[in-house]
Amino acid sequence: MDFKSIAEKRYTTKKFDATKKITDAQIEDLKHILKLSPSSINSQPWLFTFVSNEQVKNDLAHASYSNASKIKDASHLVVFSVMDNLEVFEKRVEENLLENSIKFYKQFVKTQTEEKTINWLSQQVYITLGFFLAACATMDIDSTPMEGIDPKKYKEILHIKDHKVLFSVALGHRHLDDDTQPNKIGKSRLTADTVIQSID
Ligand SMILES: Cc1cc2nc3c(=O)[nH]c(=O)nc-3n(C[C@H](O)[C@H](O)[C@H](O)COP(=O)(O)O)c2cc1C
């Protein structure tokens, strides 16, 4: 299927079929794809936590407000975090990045406030979300991106260090009863005239 059709077909799944699991091979592919995500100066300030353990997944569901039932029925939950310990991050920058990238970081990023720097790093993690949702759709995996979670509780449950939890994505296969599927209700978007301009 071409990417245009995939974009028309993918949607934020509101109800998963709890009997349908994603295979280990698909999860390995998704891990590999996430690792290949692009980021400014190749900074890669992220941590991706894949959860399939039912107990942990349920604990996270209870820390996810109205998203709880989606997470309980999903096959896997992937938690996206940004590195917020700048000392650790900068050591990684020095050890791994190209000279020009290190220069860019020191000149344009590090000179800002710590809050702005962490915001810039978080933007890099959001890029991986778009990449990931597109990858899932091409692999016929349904997904639910979620900011409606309690990041502090997630961090505690997952014992995450040096990172701040930003959002999570539930993965699985849609329940046929999910009334929000595009083939039932279409896609709701602003018109092209509103959001796209061409300078010819
Ligand atoms: C960063 C982000 C956070 C989101 N958080 C939630 C959420 O907590 N719960 C939910 O049901 N949908 C959430 N969504 C899904 C959006 O509401 C959805 O993408 C949008 O309405 C467009 O619908 P579609 O994805 O089905 O095309 C989120 C989407 C994004 C990109």
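Residues numbered from 1 in each chain as written. Predicted model: local features only at pLDDT ≥ 70, side-chain atom pairs only at ≥ 80, totals over all residues. Heavy atoms only, no water.

K.L.:
What exactly am I supposed to notice about the site of the ligand here?
P.N.:
Residues in close proximity to the ligand total 14 residues, the closest being Arg 10, Thr 12, Lys 14, Lys 187 and Arg 189. The contact in question runs from an oxygen atom of the ligand to an N or O atom on the side chain of Lys 14, over 2.7 Å. A distance of 3.0 Å separates a nitrogen atom of the ligand from a polar side-chain atom of Asn 67. Relative to its unbound accessible surface of 620 Å², the ligand loses 64% to contact with the protein. If you list the elements that add at least two residues to the shell around the ligand, you get α7 (114–138) and β3 (142–146). (Near = heavy atom within 4 Å. Polar contact = N/O pair within 3.5 Å; in protein donor to acceptor, adjacent residues only side chain to side chain. Areas by Shrake-Rupley, 256 points an atom, 1.4 Å probe, with all protein chains shown as cover. Helix = DSSP H or I, 4+ residues; strand = E, 2+ residues; numbered from the N terminus.)

K.L.:
Would you mind showing me how to read a nonpolar patch on the surface here?
P.N.:
Residues Leu 190, Val 195 and Ile 196 make up a contiguous nonpolar surface patch of about 320 Å² in total accessible area. Inspection of the secondary structure puts Ile 196 in the segment after α10 (192–195). (Patch = residues over 30% accessible without salt bridge, like charges linked within 9 Å, V, L, I, M, F, W, Y side chains within 5 Å. Salt bridge = Lys/Arg side-chain N within 4 Å of Asp/Glu carboxyl O.)

K.L.:
Any chance you could explain the pairing of β3 here in plain terms?
P.N.:
Remark: a regular strand shows side chains that alternate across the two faces of the sheet. Counting buried residues along β3, four of its five residues qualify, which places the element largely inside the surrounding structure. Two strands pair when backbone bridges link them, and β3 and strand β4 (residues 163–172) are joined in this way by five bridges, in the antiparallel orientation. Across the sheet, residue Thr 144 finds its bridge partner in β4, namely Ala 170. (Buried < 20%, exposed > 50% of the residue type's maximum accessible area, 1.4 Å probe, protein only. Pairing = 2+ DSSP bridges.)

K.L.:
Would you mind showing me how to read the UniProt feature "domain: Nitroreductase" (unreviewed entry) in the chain here?
P.N.:
Under the UniProt annotation, "domain: Nitroreductase" (unreviewed entry) lies at residues 8–173. Taken end to end, residues 8–173 is 50% helix and 17% strand, and its first and last C-alpha atoms sit 17 Å apart. (UniProt positions renumbered as here; feature names shortened; annotations may be inferred.)

K.L.:
What exactly am I supposed to notice about the packing of helix α3 (residues 54–61) against helix α8 (residues 151–158) here?
P.N.:
Helix packing geometry: the angle between the two helix axes and the distance between the axes. Contact pair α3 / α8: the axes reach a minimum separation of 10 Å and the direction vectors enclose 160 degrees. Here α8 runs roughly antiparallel to α3, going by the angle between their axes. Helix-helix and strand crossings are classified by hand; for α3 and α8 the assignment is right-handed. Touching Val 56, Asp 59 and Leu 60 of α3 are Tyr 154, Ile 157 and Leu 158, all from α8. When grouped by side-chain class, the residues that make up the contact of α3 with α8 number five nonpolar, no polar and one charged. (Axes fitted to C-alpha atoms, helices over the stretch in contact; angles between N-to-C directions. Parallel < 35°, antiparallel > 145°, perpendicular 65-115°, else oblique. Left-handed = near helix turned anticlockwise from the far one by under 90°. Contact = heavy atoms within 4.5 Å. Nonpolar A, V, L, I, M, F, W, Y, C, P; charged D, E, K, R; others polar.)

K.L.:
I tried to follow the layout of surface pockets on my own but got confused; where do I start?
P.N.:
If you roll a probe as big as a water molecule over the atoms, it shows you where there is empty space left. The calculated volume of the largest pocket comes to roughly 160 Å³. As for the largest pocket, its lining consists of Arg 10, Tyr 11, Thr 12, Lys 14, Thr 180, Pro 182, Ile 185, Gly 186, Lys 187, Ser 188 and Arg 189. Partitioned by chemical class, the residues of the lining of the largest pocket number three nonpolar, four polar and four charged. (1 Å grid on protein atoms, 1.4 Å probe; cavity = no way out; pocket = protein on both sides within 12 Å on 5 of 7 lines; lining within 4 Å. Points joined across faces, edges and corners; volume = space filled by probe spheres on them.)

K.L.:
Just checking my understanding: could you explain the side chain of Ser 39 for this structure?
P.N.:
Residue position: Ser 39 is located in the loop between α2 (24–35) and β1 (46–51). A polar atom in the side chain of Ser 39 sits 3.1 Å from the backbone nitrogen of Ser 43. Within the structure, the side chain of Ser 39 is placed 3.1 Å from the backbone nitrogen of Gln 44, a separation counted as a polar contact.

K.L.:
Before we go on, may I ask you to explain the sheet that holds β4 in this structure?
P.N.:
The strands making up a sheet are joined through hydrogen bonds of the backbone, oriented either antiparallel or parallel. What the four strands build is an open sheet, ordered β1-β2-β4-β3; its pairing is antiparallel. Since the sheet does not close on itself, it has two edges, and those belong to β1 and β3, each with one partner. On average, adjacent strands in this sheet sit at an angle of 20 degrees to one another, irrespective of strand direction. In the packing of α2 onto the sheet, contacts are made with β1, β2 (76–83) and β4, and the angle to β1 comes to roughly 170 degrees. Most of the contacts of α8 go to β4, to which it runs at about 85 degrees, and overall it touches β1, β2 and β4.

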